[in-house]
Amino acid sequence: MRQSLTAPQPHPGSRHQGPASHRKAASRRWELAAPGAILAVAAALRLWDLAGKPGWQSDEPVYTSIANNVATFGTLNEHLQYGLSWTPFLFHPPFYFLLLAGWFKLAGAGVPQARLLGVLMALIMLALLFRLLWKLHGQRTALIALAFVAFDGWLLFIQRVSYIENTLFVLVVGALLLYQRALERPTRLRFLVAGAAVGCAIVFKQTGTYLLPTVLLHWLIIRREHRNHLLLTGAALLVVALYFGIMTPLFDVGPHLWFLDDTLLQLERVVDLRHSGGTLTSPLSFVYLLAHQYAVFLPSFLAALAGFALVVRRVVQCVRTRSVAPLRRNALLFSWTAAAIVVFGASELRYQQYFALLLVPLYCFLWTELPAIVASRPQLSRAAAAAAVVVVLAGLGSFYLRVASRDDNVLAQVRQYAMTNIPSSDVVVAPEQIGDELNQRWCSVYRAPVCRYAATYVITYVTFLQGNPTGDPVLYALLRNSVKLVTFRGFKETVTVWRVR
């Protein structure tokens, strides 16, 4: 019998796979393991000692109080102040507080539980961001960018705090992912869904509005799918219109225009027609904060400057060539970054949590541009690898210096002091971030005249950007007639408890 001269082929299900199959299997394992490992370490850094570090930020007690009222009483309001009738809290849309109230029913109510939800949302955002970057630039570049975003010192700090932006970012990145999916396989339905997602981000919190100029700028750069982009824009605006159409009759009935008044107030704060405490008002105040309070985050600031320099470089190339061609390779990330720079640069509200909305696209643009630059110049590869390690270590060092090495939870200390030393029947004049944590009756320092005869304690909260209200003789008369009991000093704030004589 004639024997076959060819070697027997292994069965597809056999354990005897060839070198190519082994390489493919190893590549698949690496594709899952590498981003998984980054997200696992990122989760550990964000969850470690979450309840007390960093110290509670000024918005956290307020947001926790609102969500706790929704969960317990079904009412959308802060801790009711002494001598003030009930009013809803509508300075921000209600969706975050509804989500947080539902979370409180599962995990319990408090700032630590709110922080846990914020961290979970930040991790979901990082996973979505990795997928978006993979679609745009491939796995290797996406992995590089994910590592730098996950271990940046400022983002490690801000994503451990229960700010609304940590949840907003899930909607922002999710909307961009749906938009990119629509561009890859264009259909009307996909663009309508992406537009609805953009609208949902806008109504979740007003700062999500920067998604709309992001998409419009990207449309101008790529110059395709014109009708579908109009559908997307229309869908986003329709969601916003529906939100106003529902909220207005719900809260603006009778003599009270709560929703429209609070929305107008926010707009006035953005365009600086109304003063907002605790926000940056000049370049000098930014320099002071960077040099004194936030010097530990200098690596993040330098990385942001490098990203901004690359944005300017691309713009200069467009001016020289009189074309948008230099932007097309990285058009979506450039548009996201440029829109963030313009929108938040023009806004008068410059709170620390808003910087993340700018830094994430800026970092993504930076760490997707640099690999292409290094690939075109192989002689820079070793220096670039060393610099990358230094940047990650510097980010982790910022996290250690600002968060891990400090124990300065001033708001929690004041809350504990008030529970122990101030009678529950007394009236306290205090700022909102402290009043919402008190079991006693309280009124805001801005309403001191209402409480001047009833108040027995005053609590003051002072930072470089935020002090006691100026031009209020009643408040200062109360302070002159008070005895200082105790002072708590934190990373950036000084809180003093006074007993009125």
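Residues numbered from 1 in each chain as written. Predicted model: local features only at pLDDT ≥ 70, side-chain atom pairs only at ≥ 80, totals over all residues. Heavy atoms only, no water.

## Side note on the nonpolar core
In step 1: Residues Leu129, Phe169, Tyr179 and Trp336 are the most contacted members of the largest nonpolar core, which totals 119 residues.
In step 2: By residue number, the principal contributor to this core is helix H15 (residues 352-376), which donates 13 residues.
In step 3: Membership of the second largest hydrophobic core comes to 20 residues, among which are Val414, Ala430, Tyr461 and Phe488. (Core = buried A, V, L, I, M, F, W, Y, C linked by side-chain atoms within 4.5 Å. Buried < 20%, exposed > 50% of the residue type's maximum accessible area, 1.4 Å probe, protein only. Helix = DSSP H or I, 4+ residues; strand = E, 2+ residues; numbered from the N terminus.)

## Remarks on helix H3 (residues 95-107)
In step 1: Here H3 spans 18 Å end to end across 13 residues, near enough to the 18 Å set by a 1.5 Å rise per residue.
In step 2: Among all positions in H3, only Tyr96, Phe97, Leu100, Ala101, Trp103 and Phe104 are buried. Projected down its long axis, H3 carries its buried residues within an arc of 165°, all on one side. Within H3, the exposed residues directed more than 90 degrees away from the buried face are Lys105 and Leu106.
In step 3: Those residues of H3 that are buried are in contact with helix H2 (59-73), helix H4 (111-137), helix H7 (164-184) and helix H8 (188-204).
In step 4: Looking one or two residues beyond H3, the residue adopting positive phi is Gly108, at roughly 90°. (Expected span 1.5 Å × (residues − 1). Arc of directions from axis to C-beta. Contact = heavy atoms within 4.5 Å.)

## Structural notes on the packing of helix H14 (residues 331-346) against H15
In step 1: Where H14 contacts H15, the axes come no closer than 9 Å and their chain directions differ by 150°. The element H14 and its partner H15 pack so that their crossing is left-handed. Between H14 and H15, the contacting residues are Leu333, Phe334, Trp336, Thr337, Ala340, Ile341 and Phe344 on the first element and Tyr354, Leu357, Leu358, Val360, Pro361, Leu362, Cys364, Phe365 and Thr368 on the second.
In step 2: Considered class by class, the residues forming the contact of H14 with H15 number 14 nonpolar, two polar and no charged. (Axes fitted to C-alpha atoms, helices over the stretch in contact; angles between N-to-C directions. Left-handed = near helix turned anticlockwise from the far one by under 90°. Nonpolar A, V, L, I, M, F, W, Y, C, P; charged D, E, K, R; others polar.)

## Side note on the packing of aromatic side chains
The relative placement of two aromatic rings is captured by the distance of their centres and the angle of their planes.
In step 1: Tallying each qualifying case throughout the model produces 25 aromatic pairs.
In step 2: Ring plane angle 70° and centroid distance 5.6 Å describe the contact between Tyr63 and Phe97, whose orientation is recorded as edge-to-face. Of the two residues, Tyr63 sits in helix H2 while Phe97 sits in helix H3, which places them 34 residues apart along the sequence.
In step 3: According to the relative accessible area criterion, Tyr63 is buried, its value standing at 5%.
In step 4: Here the aromatic rings of Tyr294 and Phe491 are separated by 5.8 Å at their centres, their planes lie at 50°, and the arrangement is tilted. Of the two residues, Tyr294 is situated in the loop between helix H12 (283-291) and helix H13 (298-321) and Phe491 in the loop between strand E4 (482-489) and strand E5 (494-500); the sequence distance between them amounts to 197 residues. Taken as a pair, Tyr294 and Phe491 share a single burial class, namely buried.
In step 5: Directly above the ring of Trp134 sits Arg131, whose terminal nitrogen or CZ lies 5.9 Å from the centroid. (Phe/Tyr/Trp six-rings, centres within 6.5 Å; stacked < 30°, edge-to-face > 60°. Lys NZ or Arg CZ within 6 Å of the ring centre and 35° of its normal.)

## Section: the packing of H2 against H4
In step 1: It is the contact of H2 with H4, at a shortest axis distance of 9 Å, that shows an interaxial angle of 95°. For the element pair H2 / H4, the angle class is roughly perpendicular. Residues Glu60, Pro61 and Thr64 of H2 form the contact with H4, whose own contacting residues are Val111, Ala114 and Arg115.
In step 2: Counted by class, the contact of H2 with H4 contains three nonpolar, one polar and two charged residues. (Parallel < 35°, antiparallel > 145°, perpendicular 65-115°, else oblique.)

Shape is all these values report; function is a separate question.
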